[in-house]
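Listed below, chain by chain, are the residues.
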Amino acid sequence: MPYAKLTIDLPEVIWIGEVSREFPSTTFRVLSAVPSGETGFGLLEIESDSLPAVLGAVESRDGITSLRVMQRSDDTTVTQFETDEPLLLLSIQESGAPLELPLTIRDGQALIELTASRDRLSEFGDQLEAFGMSYTLNEVYDAVEQPDLLTDQQRELLVTAAESGYYDTPRECTLTELADEVGLAKSTASVTLHRAEESVIKQFVTGQLETPLGDEPRVAPN
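Residues numbered from 1 in each chain as written. Predicted model: local features only at pLDDT ≥ 70, side-chain atom pairs only at ≥ 80, totals over all residues. Heavy atoms only, no water.

## Things to note about the confidence of the model for the protein chain
Detailed reading of predicted coordinates is not advised where the pLDDT is low. Predicted confidence across the protein chain gives a mean pLDDT of 82, with 81% of residues reaching 70 or more. The element-level mean pLDDT for the protein chain is lowest in helix 3 (residues 87-95), coming to 67, with helix 2 (residues 51-60) highest at 95. The low-confidence segment residues 210-222 (pLDDT under 50) makes 30 contacts with residues lying over four places distant or belonging to another chain. (pLDDT = per-residue confidence, 0-100. Helix = DSSP H or I, 4+ residues; strand = E, 2+ residues; numbered from the N terminus. Contact = heavy atoms within 4.5 Å.)

This is how it looks when you write it as structure tokens:
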């Protein structure tokens, strides 16, 4: 079953596209989303240094029919929202492709992950274009053929490091102790751990921080 990761450029006519561009350093995460007819509702996590202003901007948008704060801290909140502009949700629903949550949106771009048949992925792309949304295909491969991110040795060392407190602050385990624990020379453990950390960090940056990958965006026809 193919897995795909896309970056979608949200039109400014969509409320979250407009607000996320107004506050480009703010991160929006859609934790749950359900389209219902011509409306949609769900849970939205907002992380921002300007949280009151962002909440006010969201609530004032014409596309938002209801906004309720469920949890809140200094810079993060979880809100329940209802909208009459669920264009992205409707495009996914029409294609029949399951949406993997959370869905991260930042500065007018949504990072989408889908696992579906190639026909449904193609239909999803057609639906995006029908709604006037351009997108970049970052990754696509058969999920069953997904290459392992780490080797067995790297995985064992990384897990042992975490469990032993190597990444704690203050550190509870030294590199020498970690190497002894897994039966490796200190120099081998250092190189192996660095390569494992490199793989994990690069995957995190491309997947969670939305660093663009792949080809030029496909633009919906006028």
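## Some remarks on the packing of aromatic side chains
One pass over the structure, following the stated rule, counts two aromatic pairs. With centroids separated by 5.2 Å and ring planes inclined at 85°, the aromatic side chains of Tyr166 and Tyr167 adopt a geometry described as edge-to-face. For Tyr167, a relative accessible area of 37% corresponds to the partly exposed category. Just above the ring of Tyr166 sits the side chain of Arg171; from NZ or CZ to the centre is 3.9 Å. (Phe/Tyr/Trp six-rings, centres within 6.5 Å; stacked < 30°, edge-to-face > 60°. Buried < 20%, exposed > 50% of the residue type's maximum accessible area, 1.4 Å probe, protein only. Lys NZ or Arg CZ within 6 Å of the ring centre and 35° of its normal.)

## Describing the packing of helix 1 (residues 15-22) against helix 2
Interaxial distance between helix 1 and helix 2 falls to 10 Å at its minimum, and their mutual angle equals 155°. Between helix 1 and helix 2, the interaxial angle falls into the category roughly antiparallel. The element helix 1 and its partner helix 2 pack so that their crossing is right-handed. Contacts between helix 1 and helix 2 pair Trp15, Val19 and Glu22 from the former with Val54, Ala57 and Val58 from the latter. (Axes fitted to C-alpha atoms, helices over the stretch in contact; angles between N-to-C directions. Parallel < 35°, antiparallel > 145°, perpendicular 65-115°, else oblique. Left-handed = near helix turned anticlockwise from the far one by under 90°.)

## Some words on the pattern of salt bridges
A full pass over the atoms with the stated rule returns five salt bridges. For the salt bridge of Arg61 with Glu22, the shortest nitrogen-to-oxygen distance reads 2.5 Å. With Arg61 in the loop between helix 2 and strand 4 (64-72) and Glu22 in helix 1, this residue pair connects regions lying 39 residues apart in the sequence. On the accessibility criterion, Arg61 (14% relative accessible area) is buried. Since its relative accessible area comes to 45%, Glu22 is described here as partly exposed. Where Asp152 meets Arg155, a salt bridge forms, and the shortest distance between an N and an O atom there is 3.1 Å. Note that Asp152 and Arg155 are positioned in helix 5 (residues 152-164) at a spacing of three residues, about one turn of the helix. Residue classification places Arg155 among the partly exposed positions, given a relative accessible area of 34%. (Salt bridge = Lys/Arg side-chain N within 4 Å of Asp/Glu carboxyl O.)

## Some remarks on the pairing of strand 6 (residues 103-106)
Where strand 2 (residues 27-36) and strand 6 come together, four bridges link them in antiparallel fashion. When the sheet's bridge partners are listed, Thr27 is paired in strand 6 with Arg106. Direction of pairing for strand 6 relative to strand 7 (residues 109-115): antiparallel, over a ladder of three bridges. By the bridge assignment for strand 7, Arg106 is matched with Gln109. In this structure, the hairpin formed by strand 6 and strand 7 is closed by a connection of two residues, where Asp107 is found at a positive phi of approximately 50°. (Pairing = 2+ DSSP bridges.)

## A word on the nonpolar core
If you look at the biggest cluster of nonpolar residues, it comprises 32 residues, and the most contacted ones within it are Ile8, Ile16, Phe28, Leu44, Val58 and Ile105. With five residues, helix 2 is the single largest residue contributor to this core. (Core = buried A, V, L, I, M, F, W, Y, C linked by side-chain atoms within 4.5 Å.)

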